[in-house]
Amino acid sequence: MNHSEIQSLIEEKFPNSLIANENLQGNQLEIDGQFWKDIATFLKNDPKLLFDQLECITGIDTGDDGPLQSRYNLHSMELRHKIEVIISLDRDNPTVESIEQIWRIGDWFERETYDMFGIVYEGHRDLRRILCPDDWEGWPLRKDYELQETYHGIMVPKVKEEEGWE
Amino acid sequence: MGVIQGDQMVLNIGPQHPSTHGVLRLEVMTDGEIVSKITPHLGYLHRCFEKHSENVTYEQVIPYTDRCDYLASMNSNFGYVVAMEELMDIKVCERVEYVRVIMAELNRIASHLLGVGAYGLDVGAFTPFVHMLRDRERILDIFEYTCGARLLYNYMWVGGVSHDLPKDFKKICFKFLDYFEPKIDEYNQLLTYNKIFVERTADVGVLPADVAISYGVSGTNLRASGVKWDVRKEEPYSIYDRFNFDIPIGEAKFGTLGDCFDRYWVRILEMKESIKIVRQALKEIPEGDIFETMPKKIRPPKGSIYRRTESPRGDLGYYIESDGSPVPTRVKMRSPAFTALSCLDEISQGWMMSDVLCILGSLDIVLGEIDR
């Protein structure tokens, strides 16, 4: 099934859930976060879609007070099609529904994105940091991240400000 | 909370423990000898790969990818350059494609040798490990002869490779393959058909196909559960569609489909397939200039890409977001060992403490790649 057919199927089932964005390319799709869990269930179980593989969840910081994004790469092993779902989230209060119980790997992927970007996945049963220590401060992969000065009394080394590329 | 259960006990494995294949801590809840829950604690090897990538240029990311999966650095490089070339729409020259496939497949053999050998070590067989390391050493010698490095190569660059093959590479490589092919039968006699090894691994830690897919398990672990899925065949990248090779899947040889033995056995079979690919590639490799298609400036257009390739551990994906500058906005690595480890809790419940290490070993994880 090609991209526009998938798009119209979602549009039909969940009216007004798709957000138009001229920057989208390839098989990307931007949706409204409040429908996400229902759409995810639909994507996995509908016999015409059957997205059984959640390949990757990527957090993106668009920078300069722009929104944070949570991107999901889905693939159907049986029907051989792919889509990428983009959900934009408010920078000050980034919350989105968890899909941890739909695709089990979502559990660790969401923990990783939470760890790096502070995106809160509502309904996740065990949302803790996964790579950084539990008491680390701040969200390392956000563009405005500032390193904490000390960690348990140890100085955290700072990287020298270098001149930009070019 | 609050309810005291008489026989429950928390046991800690690691972070420094030889069976964890790196630095990993497992918090194991046991009921007597039987495991009821495992909580893995990661991050001991976290080196901020993704944060570093946002501060260096695109070509400088490649050495970092080496250090993620340090047992299959060629394959890590390969995944990154394939994604970059797709983003920049570069078609690399024929010779480079062949060189890359040869290197990636040799590295796959080397990685499986260590994975299988160390697995023998996990369940108590020491000798096969030494034999396998001996043969892996020969592959590392080939790599050293080609690009000067034994483990961390920085060999594949965007649009090309760093060094051309030496003049007598074909001869050396064929000599190695002729030497190595019969050795696989030797391993089978040493380890595979050993009764103690079979008793330890068959029927243990069964991973059903639907659970594997839901947990994002990929590569050899998924194929051992009977799913015929290989990115090299299903979404061919580079020139993998030109070669003739099979995808070995689990066949419940001694126990249930998807048990530890199947995961081990698929790796042994896959080494044979890799030999086939290298032989074909060596026969067909054309002459050419390896620097011909290398771009002077690496500056991809604005946009993003997600591309996955088949590393020895499974689907290795890179998500690259570019804003048109020479520095990436975001590089995300979707590591196959990360997903494989996530299903450990599910498949080890109900097994004995000693089987947990047997199951963990059969997943063939590399902690450098999990923690990045």
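Residues numbered from 1 in each chain as written. Chains lettered and ligands numbered in written order. Predicted model: local features only at pLDDT ≥ 70, side-chain atom pairs only at ≥ 80, totals over all residues. Heavy atoms only, no water.

> Describe the overall build of chain B, and please don't skip the residues or the numbers.
Each helix and strand in chain B was counted, giving 15 helices and 8 strands. Relative to its length of 372 residues, chain B is compact, with a C-alpha radius of gyration of 21 Å against a globular reference of 21 Å. Looking at chain B residue by residue over its 372 residues, the buried ones come to 63%. Surface accessibility of chain B: about 13500 Å² in total, with carbon and sulfur atoms responsible for 54%. Charge-centre separation for chain B: the mean point of 43 positive side chains lies 4 Å from the mean point of 53 negative side chains. (Helix = DSSP H or I, 4+ residues; strand = E, 2+ residues; numbered from the N terminus. Rg over C-alpha atoms; globule rule 2.2 N^0.38 Å. Buried < 20%, exposed > 50% of the residue type's maximum accessible area, 1.4 Å probe, protein only. Areas by Shrake-Rupley, 256 points an atom, 1.4 Å probe, with all protein chains shown as cover. Lys, Arg positive; Asp, Glu negative; His and termini not counted. Charge placed at Lys NZ, Arg CZ, Asp CG, Glu CD.)

> Can you tell me about the environment of N221(B), naming the residues and giving the values?
All names here are of chain B. Mapping N221 onto the fold places it in helix α9 (residues 220-224). According to the relative accessible area criterion, N221 is buried, its value standing at 1%. Between the C-alpha atom of N221 and that of R263, which follows or precedes it by 42 residues, the distance is 5.7 Å. If near-sequence neighbours (up to four positions away) are discounted, N221 is found in contact with L207, R263, R267, A340, S362 and L363. Reaching out from N221, the side chain makes a polar contact with the side chain of R267 at a distance of 2.9 Å. (Contact = heavy atoms within 4.5 Å. Polar contact = N/O pair within 3.5 Å; in protein donor to acceptor, adjacent residues only side chain to side chain.)

> Any details on the sheet that holds strand β4 (residues 82-89) of chain A? Residues and values, ideally.
Hydrogen bonds along the backbone pair up the strands of a sheet, which may run parallel or antiparallel. Residue and element names in this part refer to chain A. Strand order across the open sheet formed by 4 strands is β1-β4-β3-β2, with mixed pairing between neighbours. Edge positions in the open sheet fall to β1 (28-30) and β2 (53-61), since each of these has one partner strand only. Each adjacent strand pair in this sheet contributes to an overall mean axis angle of 20 degrees, direction not counted. Sheet topology note: the strand β3 (residues 68-75)/β4 ladder contains 8 bridges and is antiparallel. Across the sheet, L68 pairs through a bridge with L89, a residue of β4. Packing against the sheet, helix α1 (residues 3-13) makes contact with β1 and β4, and its axis sits at approximately 20 degrees to β1. (Pairing = 2+ DSSP bridges. Axes fitted to C-alpha atoms, helices over the stretch in contact; angles between N-to-C directions.)

> So what about the interface of chain A and chain B? Which residues, and what values?
Listed as interface residues are 36 residues of chain A and, on the opposing side, 44 residues of chain B. Here chain A packs against chain B, burying approximately 3400 Å² in sum over the two surfaces, 56% of which is carbon and sulfur. Where chain A meets chain B, there are 7 salt bridges. Between K332(B) and E112(A) there is a salt bridge, with the nearest N and O atoms lying 3.2 Å from each other. Between chain A and chain B we count 20 residue pairs in polar contact (both at pLDDT 80 or more) in total. Sorting the residues of the side of chain A that touches chain B by element identifies β2, β3, β4 and α3 (106-117) of chain A as the ones contributing at least two each. With 7 residues, β2(A) is the largest single contributor of residues to the side of chain A that touches chain B. For the side of chain A that touches chain B, the class distribution of residues is 17 nonpolar, 7 polar and 12 charged. (Buried area = accessible area lost by both parts, 1.4 Å probe. Salt bridge = Lys/Arg side-chain N within 4 Å of Asp/Glu carboxyl O. Nonpolar A, V, L, I, M, F, W, Y, C, P; charged D, E, K, R; others polar.)

> Help me get a handle on the sheet that holds strand β1 (residues 8-13) of chain B, residues and values and all.
Residue and element names in this part refer to chain B. Taken together, the 3 strands give an open sheet; going across it, the order is β1-β2-β3, and neighbouring strands pair in antiparallel fashion. Bordering the open sheet on either side are β1 and β3 (34-41), each of which pairs with just one other strand. Pairwise comparison of adjacent strand axes, ignoring direction, gives a mean angle of 20 degrees for this sheet. Of the strand pairs in this sheet, strand β2 (residues 25-31) and β3 are connected by 7 bridges, and their pairing is antiparallel. Pairing of V28 across the sheet is with I38, part of β3.

> If you had to explain the side chain of D107(A) to someone new, which residues and values would you point to?
Residue and element names in this part refer to chain A. Here D107 shows up in helix α3. Under the relative-accessibility criterion, D107 is labelled buried at 13%. Reaching out from D107, the side chain makes a polar contact with the side chain of H124 at a distance of 3.1 Å. Setting aside chain neighbours within four positions, we find D107 in contact with E100 and H124.

> Tell me what's going on with the domain arrangement of chain B, and back it up with residues and numbers.
Residue and element names in this part refer to chain B. Under the domain assignment, chain B is made up of domain 1 (1-46) and domain 2 (49-346). The distance between the C-alpha centroids of domain 1 and domain 2 comes to 30 Å. Taken together, the contacts link 8 residues of domain 1 with 7 residues of domain 2. Surface buried jointly by domain 1 and domain 2 totals about 650 Å² across both partners, of which 62% is contributed by carbon and sulfur atoms. The largest contributions to the domain 1 side of the interface with domain 2 come from H21, I38 and L42, which together make up 54% of the buried area. (Domains from an automatic or database assignment.)

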